Amino acid sequence: MDVDDRYCLASATVTVTTAPAWHLDAAPDEFAAIETAVTAALEGSCTVLATLVVQTVQEPDPVVCGWPSEHGWLHGMKPAAVQAAVRPCVSSSASLARAYPAPFLPDPSVTG
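Everything quoted here is computed from the prediction, not taken from an experiment.

J.: I tried to follow the side chain of Asp2 on my own but got confused; where do I start?
T.: Summarising the element assignment, Asp2 is placed in the segment before strand 1 (14-17). One polar contact links Asp2 to Arg6, side chain to side chain, over a distance of 2.8 Å.

J.: It is not clear to me how the side chain of Thr47 should be interpreted in this structure. Could you clarify?
T.: By the secondary structure assignment, Thr47 is in the loop between helix 1 (28-43) and strand 3 (51-55). With a relative accessible area of 18%, Thr47 lands in the buried category. The residues contacting Thr47, other than those within four sequence positions of it, are Met1, Asp2, Val3, Ala40 and Ala41.

J.: Got a minute to help me understand the pattern of salt bridges in this structure?
T.: Side chains that differ in charge, positive against negative, can pair when their charged atoms come close. Scanning the entire structure with this criterion turns up 2 salt bridges. The residue Arg6 makes a salt bridge to Asp2 at a minimum N-O spacing of 2.8 Å. In this structure, Arg6 engages Asp4 in a salt bridge whose closest nitrogen and oxygen atoms are separated by 3.3 Å. As far as burial versus exposure is concerned, Arg6 and Asp4 are alike and both exposed. What emerges from the salt-bridge pattern is a single network uniting Asp2, Asp4 and Arg6.

J.: I tried to follow unusual backbone geometry on my own but got confused; where do I start?
T.: Most peptide bonds adopt trans geometry, and most residues besides glycine take a negative phi value. The omega torsion of the bond from Ala19 to Pro20 falls at 5°, within 30 degrees of zero and hence cis. Position of Pro20 relative to the elements: it lies in the loop between strand 1 and strand 2 (23-26). Phi at Asp5 takes a positive value of approximately 65°, unusual for a residue other than glycine. Mapping Asp5 onto the fold places it in the segment before strand 1. On the accessibility criterion, Asp5 (56% relative accessible area) is exposed. Positive phi values are uncommon outside glycine, yet His71 reaches one of about 55°. Residue classification places His71 among the exposed positions, given a relative accessible area of 85%.

Analysis parameters
Residues numbered from 1 in each chain as written. Predicted model: local features only at pLDDT ≥ 70, side-chain atom pairs only at ≥ 80, totals over all residues. Heavy atoms only, no water. Helix = DSSP H or I, 4+ residues; strand = E, 2+ residues; numbered from the N terminus. Polar contact = N/O pair within 3.5 Å; in protein donor to acceptor, adjacent residues only side chain to side chain. Buried < 20%, exposed > 50% of the residue type's maximum accessible area, 1.4 Å probe, protein only. Contact = heavy atoms within 4.5 Å. Salt bridge = Lys/Arg side-chain N within 4 Å of Asp/Glu carboxyl O.

Have a look at this one:
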């Protein structure tokens, strides 16, 4: 949410492979939208509320975690908060993702 109370949603489909080497693949436009949204959230002058949510599409048990932006960095959400945020509508046939604690992301301005 920006300082004018407007909401913006950015999403991307990303494929991660680990063999033979770690590789991240996404459509350039989708990846640029995510990069722009995360940059705006961390910079903070025009964004008042931002959360990064990552969910797998693996079936039958997708998993999800999230990080809200606070004080210029991303801090892991508790599983219950993520679960409540991503619960599908009652009429949806989407799988209910299992929330897990978001991995700790060290702040590079603190860790050097």
